[in-house]
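One letter stands for each residue in the lines below.
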Amino acid sequence: MVPKIRIDPGVVEARIMELARIGACYETGVCRTVYSPEWVEAQAVVERWCTEAGFATRRDAVGNIWGRVEGSEGGPAVVSGSHIDSQLPGGRYDGALGIIAAITAMEALVAQFGPPKRPVEALSFCEEEGSRFQGASFWGSRAITGQAPEGLADRLIDPQGTSMADAMRAVGLDPARIHEARRTDIGDFIELHVEQGPILEHAGYPVGIVNVINGARGYRVTVVGDSNHAGAMPMDLRRDPLVGAAEMVIAVQQNAVRLGRPAVATVGYIHAEPGWPAIIPKSVTFTINTRHNDRDALNGMAAAHEAAMREIAARHGLEVSWTGGDGLDPCPADPTIVALLEQSARDQGIAALTMPSGALHDAQRMAQIARMSMVFVQSKDGRSHTPEEYSSIEHCVAGIQVLAGGLYLLAW
Ligand SMILES: [Zn+2]
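On a predicted model such as this, the values are computed, not experimentally measured, just so you know.

Colleague: How would you summarise the overall build of the protein chain if you had to cite specific residues and measurements?
Modeller: Each helix and strand in the protein chain was counted, giving 12 helices and 18 strands. Each of the three principal axes of the protein chain carries a C-alpha extent, and together these read 80 × 45 × 40 Å. Buried residues in the protein chain amount to 50% of all 412 residues. The long-range fraction of contacts in the protein chain, counting pairs at least 24 apart against all pairs at least 6 apart in sequence, stands at 78%.

Right, dumping it as structure tokens:
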């Protein structure tokens, strides 16, 4: 039985606002990319909170912050946390809330029940969003799980031309030591995060418990036709790649609609060359991002996208080619951890919906070295990756209570 865990809403709100001020942009947004001055300041605040809470605090080789409470019986650590970086612009809750949740939950548990049996750690991942260095997503959790290959930091370059390796040196980290961030002594990992979608709000639940993180496949597609005069070339003689691409966009969207939830397919980028009003384009490039929680369904949907693109290209006499088609497979949460979190919610009288995660998370990487699940907090209007992102303090506290109950069952 999980006793009701007392979380002070005032502390949660004050911490959200303290982090929100660092890298504040637009009215309610946050712009905080990895290894920027704002990032340094925010990680210092997290370090201070951990130290003030009495945790043994350290910064690892890539800049993840860890705050540890030793367990009287030892054993593999129970870890909770999320990422400190943001989209450009992001909101106040994405990532930040999960760090605040871990620290606040651990403090409350120690205050209420004394030291744990197993070691427990709060974690602030250095980078998740890939918003400064394209291709750097999950940098912190990749390093922890031993998936940041040697030399990668030299190859990742930000829009200003700075390499990840130089950005690390600028904040006092040595890229030659990235491998030292690896951990092999973590037993369980629970990440609290805002839902970033509308499911919980529509269903009337403050909190969600994640049983699977959806997998994703990504494509970069190029359609090639004939560039010609927009006035002189009759319609029946054209090979217009933008018309073909437009049909492909609809086909991709329809493939996901036909499958139903949680299938999604997004064309988030499209570009025509040469891109001029009086010229039929020569070529069009667009991206596809498609996701599902079932591997076979995901692969089936990807195959349907490919078949549709081939058929449409052939019908219009266009050439189509693509790169990608790969990505992360769906990642099931550990059933034991899901059950513990469900018990935590039930025992504390908090309504929680067990559900898939539509977004990718560090938790997916951590699942390769630990038993994993996530706690979701309702997002108002399902908004996220925007300054308008919002979750009520009441819902944040409910999520932290469910997380804390899970930690209690695992470690106390
Ligand atoms: Zn996030």
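Next, the rest of the story.
Colleague: How would you explain the environment of Phe189 if you had to name every residue and give the values?
Modeller: Residue position: Phe189 is located in strand 7 (residues 186–194). Phe189 sits in the buried class, given 27 other C-beta atoms within 10 Å. C-alpha of Phe189 to C-alpha of Ala256: the two residues are 67 residues apart in sequence and 31 Å apart in space.

Colleague: Talk me through the domain arrangement of the protein chain; I want residue IDs and the actual numbers.
Modeller: Splitting the protein chain by domain gives domain 1 (9–213 + 330–411) and domain 2 (215–326). Taking only C-alpha atoms, the centre of domain 1 and the centre of domain 2 are 35 Å apart. Across the contact, five residues belong to domain 1 and 10 residues belong to domain 2. Residue composition of the side of domain 1 that touches domain 2, grouped by class: four nonpolar, one polar and no charged.

Colleague: Lay out unusual backbone geometry with the relevant residues and their values.
Modeller: Going from Arg261 to Pro262, the amide bond is cis rather than trans, its omega being 0 degrees. Going from Glu273 to Pro274, the amide bond is cis rather than trans, its omega being 0 degrees. The backbone phi angle of Phe138 is positive, close to 65 degrees, even though this residue is not glycine. Following the sequence through the fold, Phe138 ends up in the loop between strand 6 (120–125) and helix 4 (139–144).

Colleague: Give me helix 10 (residues 335–347): which residues, what numbers.
Modeller: Since the α-helix turns once every 3.6 residues, residues separated by three or four places project in the same direction. With 13 residues, helix 10 ought to run about 18 Å at 1.5 Å a step, and its terminal C-alpha atoms sit 18 Å apart, in line with that. Buried within helix 10 we find Ile337, Val338, Leu340, Leu341, Ser344 and Ala345. Buried residues along helix 10 cover an arc of 160 degrees about the axis, so they all sit on one side. Close packing links the buried residues of helix 10 with strand 7, strand 8 (207–213), strand 17 (352–357), strand 18 (371–377) and helix 12 (393–411).

Colleague: An account of the environment of Val11 is requested, with residue identities and associated values reported.
Modeller: Tracing the chain through its elements places Val11 in helix 1 (residues 9–20). Residue classification places Val11 among the partly exposed positions, given that 17 C-beta atoms sit within 10 Å. Placed 89 residues apart in sequence, Val11 and Ile100 show a C-alpha to C-alpha distance of 9.5 Å.

Colleague: I'd like to hear about the nonpolar core, residue by residue, with values.
Modeller: Of all hydrophobic cores here, the largest spans 96 residues; its most connected members are Ala105, Val375, Leu403, Ala404 and Leu407. Beyond its immediate stretch of four places on either side in the chain, Ala404 contacts Ile5, Ile7, Ala105, Ala108 and Leu109. Membership of the second largest hydrophobic core comes to 21 residues, among which are Val252, Ile312, Leu318 and Val320.

Colleague: Describe helix 3 (residues 96–113), and please don't skip the residues or the numbers.
Modeller: In a regular helix each residue adds 1.5 Å, so 18 residues correspond to 26 Å; helix 3 covers 26 Å between its end C-alpha atoms and thus fits that length. Once helix 3 ends, the next one or two residues include Gly114, with phi positive near 80 degrees.

Colleague: Which residues make up the environment of Asn299, and what are the values?
Modeller: Looking at the element boundaries, Asn299 is found in helix 9 (residues 295–315). Residue class for Asn299 comes out partly exposed when judged on the 15 C-beta atoms lying within 10 Å of it. Along the backbone, Asn299 and Arg217 are 82 residues apart, and their C-alpha atoms lie at a distance of 8.2 Å.

Colleague: Tell me what's going on with the packing of helix 3 against helix 12, and back it up with residues and numbers.
Modeller: Contact geometry of helix 3 with helix 12 gives a least axis separation of 9 Å together with a crossing angle of 55 degrees. When the axis of helix 3 is compared with that of helix 12, the two are oblique. Once helix 3 is placed against helix 12, the crossing between them reads as right-handed. Together, Leu97, Ala101, Thr104, Ala105, Met106, Ala108 and Leu109 of helix 3 and Cys396, Gly399, Ile400, Leu403, Ala404, Leu407 and Tyr408 of helix 12 make up the contact between the two elements. Across the contact of helix 3 with helix 12, the residue classes tally to 12 nonpolar, two polar and no charged.

Colleague: How would you summarise the packing of helix 8 (residues 241–259) against helix 9 if you had to cite specific residues and measurements?
Modeller: Closest axis-to-axis distance for the helix 8/helix 9 pair is 9 Å, and the angle between their directions is 150 degrees. It follows from the interaxial angle that helix 8 and helix 9 lie roughly antiparallel. As helix 8 packs across helix 9, the resulting crossing turns out to be right-handed. Of the residues in helix 9, those in contact with Gly244, Glu247, Met248, Ala251, Val252, Asn255, Ala256 and Leu259 of helix 8 are Ala297, Met301, Ala304, His305, Ala308, Met309, Ile312 and Ala313.

About the thresholds
- Residues numbered from 1 in each chain as written.
- Predicted model: local features only at pLDDT ≥ 70, side-chain atom pairs only at ≥ 80, totals over all residues.
- Helix = DSSP H or I, 4+ residues; strand = E, 2+ residues; numbered from the N terminus.
- Buried ≥ 20, exposed ≤ 12 C-beta atoms within 10 Å, placed from the backbone.
- Contact = placed C-beta atoms within 7 Å.
- Domains from an automatic or database assignment.
- Nonpolar A, V, L, I, M, F, W, Y, C, P; charged D, E, K, R; others polar.
- Expected span 1.5 Å × (residues − 1).
- Arc of directions from axis to C-beta.
- Core = buried A, V, L, I, M, F, W, Y, C linked by C-beta atoms within 7 Å.
- Axes fitted to C-alpha atoms, helices over the stretch in contact; angles between N-to-C directions.
- Parallel < 35°, antiparallel > 145°, perpendicular 65-115°, else oblique.
- Left-handed = near helix turned anticlockwise from the far one by under 90°.

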